[in-house]
Amino acid sequence: MTNQTLQRQQAGAKPPTEVLDHYSVSADSGLSNDEVRQRQEQFGANRLEQKQRRSAWKILIEQFKSPIIGLLAAAAVLAFAFQEWIEGVAVIIAILLNTVIGFVTELRAVRSMEALQKLSKSKARVRRGGDVQEISAEELVPGDILVLDSGDLIPADARLLEASKLQVDESPLTGESLPVTKTTDPIDENGEEVPLADQKNMVFKGTAITRGSGEAVVVAIGMKTELGHISELTQQAEEESTPLEKRLDQLGRRLIWVTLLLAVVIAIAGVVGGKDTATIIKTSIALAVGAVPEGLPIVATVALARGMRRMADRNALINRLSAVETLGATSVICTDKTGTLTENRMTVRRIVTASGDIEVSGTGLEVEESEFNRGDETIQPQEDETVRSLLEVGLFCNNAAIPQESANDEDKVIGDPMEVALLVAGAKADLWRHELVQDRPEEREVAFDPDLKMMATVHHQNGSQNGSRGNGSRGNGSSGGYYMAVKGAPEAVLANCSRFLDENGEAQPLDDNKRKEWRDRSKALAEEGLRILAFAQKTVQSPDAEPYEDLTLLGVVGLLDPPRQDVKKAIRACHEAGVRVIMVTGDQPITARNVGKAVGLVGDQDAQAVKGKELRPLEELDSGEQARLQQASIFARVSPEQKLNLIALHQKDGAIVAMTGDGVNDAPALKKADIGVAMGQRGTQVAREASDMVLQDDAFSTIVAAIEQGRAIFRNIRKFTVYLLSGNMGEIIAVAVASLLPVPLPLTPLQILFINAINDVFPALALGVGPGNPGLMHRPPRKAGEAVLRDDEWWAIGIYGLIIALTGLGALFLVLRAFGFEETQAVTVSFLTLTFARLWHVFNMRDDVSDDTRKTRPLREVFNNEVTRNRYIWGALLICSCLLTGAVYLPGLSDILELTGPGLQGWGVALGFSVIPLVLGQSWKVIQATRQKR
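Computed from a predicted structure; not experimentally measured.

**As for the overall build of the protein**
Tallying secondary structure elements over the protein gives 34 helices and 26 strands in all. Counting all 934 residues of the protein, 56% fall into the buried class. Contacts in the protein between residues far apart in sequence, at least 24 positions, make up 74% of those at least 6 positions apart.

Dropping the structure here:
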């Protein structure tokens, strides 16, 4: 054997004997143990290279990358440089809190994903030393002889040596929803590269056998397989930061410059105002630290972790914390059809005979409480000879398996989805294949021919049934010993029928007019998005008779992959939330269009499906084409490359795009999208690794829940950011103004750090983990690129900060001038006023407007809103009040903070002035809500 394995296409172009010779192996005996060991040393293990495992140390280091953390570290260094040990330690504690919380939650998310990936390990059956053995798929080597059977997962790329009725589901690689019929014939290359979907004599790692059996020789393992090639491309793709990470970094950089400027301005103002230089410098440092919301990274991390846990409860596994928020910013969802919008299992919905159309109720594998209805009449299939015969043909021409006692158990079903659907339809009529075959044993099967688009089975005809159920006399005008059942594409079956059964079950000539009528009926079903099969039968004298001639047409069946029951409601919720949903499928346009209408994605007027070939690269599209494609909601026959073009098209327009996928061919698109969403039940390992979120229930409604959760998280982040910065701004303004006046500073440096330690953690944390306003999904998504804080929120920070500062200064002036408090006592009053003002200020963080779905009651919402309903807020206020009281009265702590008891008069002033920001804030919100109501 040569040092290199054969290229897959080279293997497909050679006869099986030449491929076996190349690998020096016999199909009858396989490799010997010595040969296996040698090849394992040469080629390595048959596994995909995992993307580099994120070590605990790497995750820990990543927690320090925030600009805010960098600024806090610099402030700590400065504090220690000026020998302000307590201030420095306080800042270090804030940094460590953020680091620990972020590290633990991120590590848990990463390890959860790794645990999920371990579930993908599989087994393989091989012939070695003349015996068939079951081994770990990782032990396979080139030249191994694979023994394949229905239901097996292909463990490596291999050239087929034998194929008996073999069909393979290659959708993970190609996106095609229907199984591919395999053959052993060499591929005619004609000097051109043969597409993977046309390599009919090859089987590929990661695909699954839906029917039949076979043997194959392994030609590629591990990263040399097609699956490995795509995995390698996906790992090389560049992964961008999420929008939240970018916005928090922008905010952090802005705060760095603001902080440095404030420190310089306050230092100059203090010197000009005649303050002690050393005190002013220390105060400037403290205010520089005070201007930075130490709690921002902590609360953001905790809020995202809380969202991650909530999503886990809703069957969504989050890969990165910030991905939860990014889903909340999503404005476009590109979703596949099969398994996400639909149930991913075919169902017989319509049976058409000469007597008319029959609707079959029940979806998926449901058998109980199903009905056959012709118009308003419920019929019994066993009493209608034509319908019964049609269902029997569907059971005879069938290689799927579904036990009678497990008719509703999806895990017990094996085989082609369309054949499973025919078995279930038979079960709904109390017809079972094993009983029919006992009555009329199968003599032989004529396997499905992809060129003829038909298959047939031949059965011994029971003499007692000749001319009745077998339809030998009436269906074919003859009697005989063998019954032939035929199913296939309508055009193929119709072309080989000479008769049809009329409404009385009598065989009638199928002339050109009748043939056209049946073609029209089949076309009408296809236009409804149904997959169509036609059924025919005949009786013959010899089992070797030609099966595809002189047939009697029984009718046609329409099958559908039914929409998931929760999808319509979920899509309606997306539309109400201003989120566009776009279906992207490899299926036919007619099927895609009808599914789109069934789930409420589009209406009758705009139910147009754009073919994937129109999704050319952006540089090849003019502005008119781009605009038209951006408006389309359904794309059919889409390739992996075209998915990338679609994502780029919407991202160019400023959209934040979420992309769902399950196959290996989806991995590049999952990586390119702002948020990649992989399927946990039917998704491949490569797709899960490329995604930001894994849906463990494969449900579209879970994506909608993630959007709602993401919106709540971002709204909470925005609320506590405004809360933190406005409170800090109040401190800065109060100290800056006092530094220019002949009064003591309202806060000492250590008091500033103590206030921030309280307010930047407990109330802000309570805001961060709140459930959010129920009206969030009735508002449009944020604009792409929108900062954490908008201009109006920066104005709110300034105004709130000014009000808080004036209340603190007002209390200070009152107790100094009117009540004659000594300096320490007066500063204690201003300390309490500013701190409690910030605490009550948390109630100003409720939404300005009410939920659009209910009547606006401005005054009622002052007391009943998402903040007052948040139990964590009340707990935070209780904790902070106890800490403040302790700061004033606990020996040691009060000495360090230079605080003393203010007396009843001082407490009255502090509490009275502290509610002013709350009263003014709530009054403004009531005015705004009243204007909105008008």
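Still more to cover.
**Considering the confidence of the model for the protein**
Scored by pLDDT, the protein has a mean of 82; 83% of the residues are at 70 or more. Long-range and interchain partners of residues 850-854, a stretch whose pLDDT sits below 50, account for 14 contacts in this model, where long-range means more than four residues apart.

**What about the pairing of strand β2 (residues 131-136)?**
Bridging between strand β1 (residues 123-128) and β2 involves 6 bridges; their strand directions are antiparallel. Looking at β2, one finds that arginine 125 is bridged to glutamate 134. Between β1 and β2, which pair antiparallel in sequence order, lie 2 residues; one of them, glycine 129, sits at a positive phi of approximately 60 degrees.

**Considerations on a nonpolar patch on the surface**
On the surface, Val264, Ile268 and Val272 cluster together to form a nonpolar patch covering roughly 300 Å² of accessible area. With respect to the helices and strands, valine 264 occurs in helix α9 (residues 243-272).

**Structural notes on the pattern of salt bridges**
Scanning the model with the defined rule gives 34 salt bridges in all. The partner of arginine 499 in a salt bridge is aspartate 550, with the nearest N and O atoms 2.9 Å apart. Residue arginine 499 is located in strand β17 (residues 497-501), and its partner aspartate 550 is located in the loop between β19 (531-540) and β20 (551-560); the two are separated by 51 residues in the primary sequence. Residue arginine 499 is classed as buried on the basis of its relative accessible area, which comes to 18%. Aspartate 550 gets classed as partly exposed once you look at its relative accessible area, which sits at 39%.

**Structural notes on the nonpolar core**
In terms of nonpolar packing, the biggest core is built from 102 residues, with Phe700 and Phe720 touching the most fellow members. Looking at which element gives the most residues to this core, the answer is helix α25 (residues 700-739), with 15 residues. If near-sequence neighbours (up to four positions away) are discounted, phenylalanine 700 is found in contact with Ile333, Thr335, Thr340, Leu341, Val567, Ala570, Ile571, Cys574 and Val581. The next biggest cluster of nonpolar side chains, apart from the first, holds 58 residues, and it includes Ile379, Leu395, Met418 and Ala429.

**So, the packing of α25 against helix α28 (residues 791-818)**
At a closest axis distance of 7 Å, the pairing of α25 and α28 adopts a crossing angle of 45 degrees. In terms of orientation, α25 lies oblique with respect to α28. The handedness of the crossing between α25 and α28 is right-handed. Note on element contacts: α28 touches α25 through Glu793, Trp794, Ile797, Tyr800, Gly801, Leu802, Ile804, Ala805 and Leu809, opposite Arg715, Arg718, Val722, Leu725, Ser726, Gly727, Met729, Gly730, Ile733, Ala734, Val737 and Ala738. A breakdown of the residues in the contact of α25 with α28 according to their chemical character gives 14 nonpolar, 4 polar and 3 charged.

**Considerations on the packing of aromatic side chains**
Under the defined criterion, the tally for this structure stands at 6 aromatic pairs. Joined through ring pairs, the aromatic side chains of Phe836, Trp840 and Trp907 make up one cluster. Sitting above the plane of the tyrosine 483 ring, arginine 440 keeps its charged end 4.8 Å from the centroid. The ring of phenylalanine 714 carries the charged tip of arginine 782 above its face, separated from the ring centre by 3.5 Å.

**Examining the sheet that holds strand β26 (residues 693-695)**
Picture the strands of a sheet paired through backbone hydrogen bonds; they go either parallel or antiparallel. Taken in spatial order, the 8 strands of this open sheet run β8-β26-β25-β24-β9-β21-β23-β22, and their pairing is mixed. Each of the sheet's edge strands pairs with one partner strand only, and the pair in question is β8 (316-318) and β22 (610-611). Judged from the 4 bridges that link them, strand β9 (residues 332-335) and strand β21 (residues 580-584) form a sheet pairing that is parallel. Looking at β21, one finds that valine 332 is bridged to arginine 580.

**Some points on the pairing of β21**
Where a strand is regular, its side chains alternate between the two sheet faces. Buried residues dominate β21, accounting for 4 of its 5 residues. One ladder, built from 2 bridges, connects β21 with strand β23 (residues 634-636); its direction is parallel. Its bridge partner being in β23, methionine 583 is matched across the sheet by isoleucine 634.

**Some remarks on the packing of helix α21 (residues 623-631) against helix α22 (residues 640-652)**
Where α21 meets α22, the closest approach of the two axes is 10 Å, and the angle between their N-to-C directions is 100 degrees. By the criterion of interaxial angle, the relationship of α21 to α22 is roughly perpendicular. Contact residues: α21 offers Gln626, Leu629 and Gln630, while α22 offers Leu649, His650 and Lys652. Considering only residue class, the contact of α21 with α22 consists of 2 nonpolar, 3 polar and 1 charged.

**Structural notes on the side chain of lysine 205**
In this structure, lysine 205 sits in the loop between β6 (202-203) and β7 (208-220). Here lysine 205 occupies a buried position and makes no salt bridge, while the nearest side chain of opposite charge, aspartate 157, is found at 7.9 Å. At 3.3 Å, the side chain of lysine 205 forms a polar contact with the backbone oxygen of proline 155. Not counting the four nearest positions on each side in its chain, lysine 205 is found in contact with Asn46, Leu48, Ile154, Pro155, Ala156, Asp157, Leu173, Thr225 and Leu227.

**Side note on unusual backbone geometry**
We note that serine 24 has phi near 50 degrees; this positive angle belongs to a residue other than glycine. Along the chain, serine 24 turns up in the loop between α2 (16-22) and α3 (33-43).

**Some details on helix α14 (residues 417-428)**
Along its 12 residues, α14 runs 16 Å from first to last C-alpha, staying within 8% of the 16 Å computed at 1.5 Å per residue. With 11 of its 12 residues buried, α14 lies for the most part within the structure. Those residues of α14 not exposed but buried are Met418, Glu419, Val420, Ala421, Leu422, Leu423, Val424, Ala425, Gly426, Ala427 and Lys428. Backbone geometry just after α14 places aspartate 430 at a positive phi near 60 degrees.

**Thoughts on the environment of phenylalanine 813**
Summarising the element assignment, phenylalanine 813 is placed in helix α28. Sequence spacing of phenylalanine 813 and alanine 826 is 13 residues, and the spatial spacing of their C-alpha atoms is 8.4 Å. Apart from the residues lying within four places of it in its own chain, the contact partners of phenylalanine 813 are Leu741, Val743 and Ala818.

**A word on the environment of leucine 884**
Here leucine 884 shows up in helix α31 (residues 871-889). Overall, leucine 884 belongs to the buried group, its relative accessible area being 0%. For the pair formed by leucine 884 and isoleucine 755, sequence separation is 129 residues and the distance between their alpha carbons is 8.8 Å. The residues touching leucine 884, leaving out its near neighbours within four places in the chain, are Phe754, Ile758, Phe831, Thr835, Phe836 and Leu839.

Rules behind the numbers
- Residues numbered from 1 in each chain as written.
- Predicted model: local features only at pLDDT ≥ 70, side-chain atom pairs only at ≥ 80, totals over all residues.
- Heavy atoms only, no water.
- Helix = DSSP H or I, 4+ residues; strand = E, 2+ residues; numbered from the N terminus.
- Buried < 20%, exposed > 50% of the residue type's maximum accessible area, 1.4 Å probe, protein only.
- Contact = heavy atoms within 4.5 Å.
- pLDDT = per-residue confidence, 0-100.
- Pairing = 2+ DSSP bridges.
- Patch = residues over 30% accessible without salt bridge, like charges linked within 9 Å, V, L, I, M, F, W, Y side chains within 5 Å.
- Areas by Shrake-Rupley, 256 points an atom, 1.4 Å probe, with all protein chains shown as cover.
- Salt bridge = Lys/Arg side-chain N within 4 Å of Asp/Glu carboxyl O.
- Core = buried A, V, L, I, M, F, W, Y, C linked by side-chain atoms within 4.5 Å.
- Axes fitted to C-alpha atoms, helices over the stretch in contact; angles between N-to-C directions.
- Parallel < 35°, antiparallel > 145°, perpendicular 65-115°, else oblique.
- Left-handed = near helix turned anticlockwise from the far one by under 90°.
- Nonpolar A, V, L, I, M, F, W, Y, C, P; charged D, E, K, R; others polar.
- Phe/Tyr/Trp six-rings, centres within 6.5 Å; stacked < 30°, edge-to-face > 60°.
- Lys NZ or Arg CZ within 6 Å of the ring centre and 35° of its normal.
- Lys, Arg positive; Asp, Glu negative; His and termini not counted.
- Polar contact = N/O pair within 3.5 Å; in protein donor to acceptor, adjacent residues only side chain to side chain.
- Expected span 1.5 Å × (residues − 1).

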